[in-house]
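Breakdown of the fold
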Amino acid sequence: MPLRKHQEEAEAAGKSARRAEGPGRDRRVSAGFEPVAPAAAAVMQRSVGNGTLGRMISRGGGGPMVPHAAPSTRTKRGQDEVVERGESPPTNQQKTEAGAVTRTTRSGKAGATPSVKGKEKKVEEEIGNPTLVFTSAYEGDEQQSLNGSNDIGFAQTATLRRANGMETPAAEAYDFWQEVSDESRQIVPSSTNYRPKKSSRAWVVDGPFRPPYNDEDGNVINAADRITFVDNPGFSTSTRMSAGYFLVDYTVRFRWKVRKKQGGRFTKAEPYWESDEMVHRVTSAFDAENPEEAVAVNHHAAGNRTWNVQLPN
């Protein structure tokens, strides 16, 4: 066989042997490019990022072009191996060992939950059940006469204390008000044959003893932890029994109502908590046969009482 023919057969055999070894052995990245379909290019854009894909695109007329890459011979990735996604941030979230979700920030650092702009909304304090303490006593003369200047009345306080541990001022937490009802019989200068004149009043909200708790005249003490109503029911101080008047009997009743403040405004609507009635009484036996005679004043104050207020829902 001629020498040239042997050389050609040897070269052909060598090429066949190299092809039989497979494409994964000592293969190098080619400097050439091959065309990629637009759909495949979109997938690569999500995978490697816009910047990397832009550098891979050529100016040829065959559409986006990518370099040939040798098939990977690495084994399956371990759980701790970082997956590189080019210049775009990972689309998936990273989870910490504690299970909290973190997100990659623009600086590339993983932060906790995204920051919230503006001030955080203040958590409203739960309004607990207050305590109502009532104290009372008789203050006045032990005797009265028709032509005397008599002082007959009572001193009382009603103090609403906010729940223990609360920081919200009592005036901002509760609607607290006092109601009064009374009746009396008294001899007046116009009475015929010393016949007593009757008067009565149904339940009403009692003067300044209600929100907004005006404390300028001393009738209300508005402190952070309590609201106190300071009252002097009866015929005393500026309303004394003057000459020509005689108090035969007098009954005055009080009760208090408490509710959670609704939207910052005062309302008497239900639901509210209501106390028991506290009653003061005075009697004095007038002697028409001896109108100038001083007569004993029989008095009975309502006493003292404490309630653990149970606010309705």
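Because the structure is predicted, anything quoted here is derived from the model rather than measured.

Definitions and cut-offs
- Each chain carries its own residue numbering, running from 1 in the direction its sequence is written.
- Residue-level local features of this predicted model are given only where pLDDT is at least 70; pairs of side-chain atoms are given and counted only at 80 or more, and the full residue set underlies all totals for whole chains, interfaces and linings.
- Side-chain numbers come from the whole structure's heavy atoms, not from hydrogens or water.
- We call Phe, Tyr and Trp rings a pair once their centres come within 6.5 Å, taking the six-membered ring for Trp, and we label the pair stacked below 30 degrees between planes, edge-to-face above 60, and tilted otherwise.
- Labels follow the DSSP assignment, with helices taken as runs of H or I lasting at least four residues and strands as runs of E lasting at least two, numbered in each case from the N terminus.
- Partly exposed describes any residue whose relative accessible area lies between the buried limit of under 20% and the exposed limit of over 50%, with all areas from a 1.4 Å probe on protein chains only and scaled to the type maximum.
- The contact definition used throughout considers only heavy atoms, calling two residues in contact when any of these lie within 4.5 Å.
- Paired strands are those between which DSSP finds at least two bridges.
- Only one rule defines a salt bridge in this text: a Lys or Arg side-chain nitrogen within 4 Å of an Asp or Glu carboxyl oxygen.
- We define the nonpolar core as a collection of buried residues of types Ala, Val, Leu, Ile, Met, Phe, Trp, Tyr and Cys that are connected through side-chain atoms lying within 4.5 Å of one another.

With that settled, the discussion passes to the packing of aromatic side chains. According to the stated counting rule, one finds 12 aromatic pairs in the structure shown. Both rings, one in W177 and one in F266, keep their centres 5.4 Å apart while their planes meet at 70°; by these two values the pair is edge-to-face. Of the two residues, W177 is situated in strand β9 (residues 174-187) and F266 in the loop between β14 (246-260) and β15 (273-274); the sequence distance between them amounts to 89 residues. You can call W177 buried: its relative accessible area is 0%. Members of the aromatic cluster, joined through ring pairs, are F134, F254, W256, W273 and W307.

A few words now on the environment of L132. Looking at the element boundaries, L132 is found in strand β6 (residues 131-140). The spacing of L132 and L160 is 28 residues in sequence and 4.5 Å in space, taken between C-alpha atoms. Those residues in contact with L132 that lie beyond four places of it in its chain are A158, T159, L160, F176, W256, W273, S275, R305, T306, W307 and V309.

In terms of burial, strand β8 (residues 152-161) is largely enclosed, as seven of its 10 residues are buried. Where β6 and β8 come together, 10 bridges link them in antiparallel fashion. What sits directly across from E139, in β8, is G153. Examined bridge by bridge, β8 and strand β13 (residues 234-235) share two bridges and lie antiparallel to one another. Along β13, the bridge assignment pairs I152 with F235. Inspection of the sheet shows β8 paired to strand β12 (residues 226-231) by six bridges, in the antiparallel sense. Its bridge partner lying in β12, Q156 is registered against D231.

Counted under the stated rule, the structure contains 11 salt bridges. Two residues, K257 and E179, come together in a salt bridge whose shortest N-O distance is 3.4 Å. Taken together, the residues K257 in strand β14 and E179 in strand β9 connect sequence positions 78 residues apart. Taking relative accessible area as the criterion, E179 reaches 7% and is therefore assigned buried.

Among the nonpolar cores identified, the biggest contains 37 residues, and L132, Y174, F176, F229 and W256 are the most heavily contacted of them. Elements supplying a minimum of two residues to this core: β6, β8, α4 (170-173), β9, β12, β14 and β16 (278-283). At six residues, the largest contribution of residues to this core is made by β14. By size, the runner-up hydrophobic cluster in this structure holds six residues, among which are L146, F246, V248 and V295.

For the bond running from P211 to P212, omega is 10°, close enough to zero to count as cis. With respect to the helices and strands, P212 occurs in the loop between β10 (197-205) and β11 (220-222). The backbone phi angle of Y194 is positive, close to 60°, even though this residue is not glycine. With respect to the element layout, Y194 can be found in the loop between β9 and β10. Judged by its relative accessible area of 35%, Y194 falls in the partly exposed class.

So, to be careful, I would describe these as geometric facts and stop short of saying anything about function.
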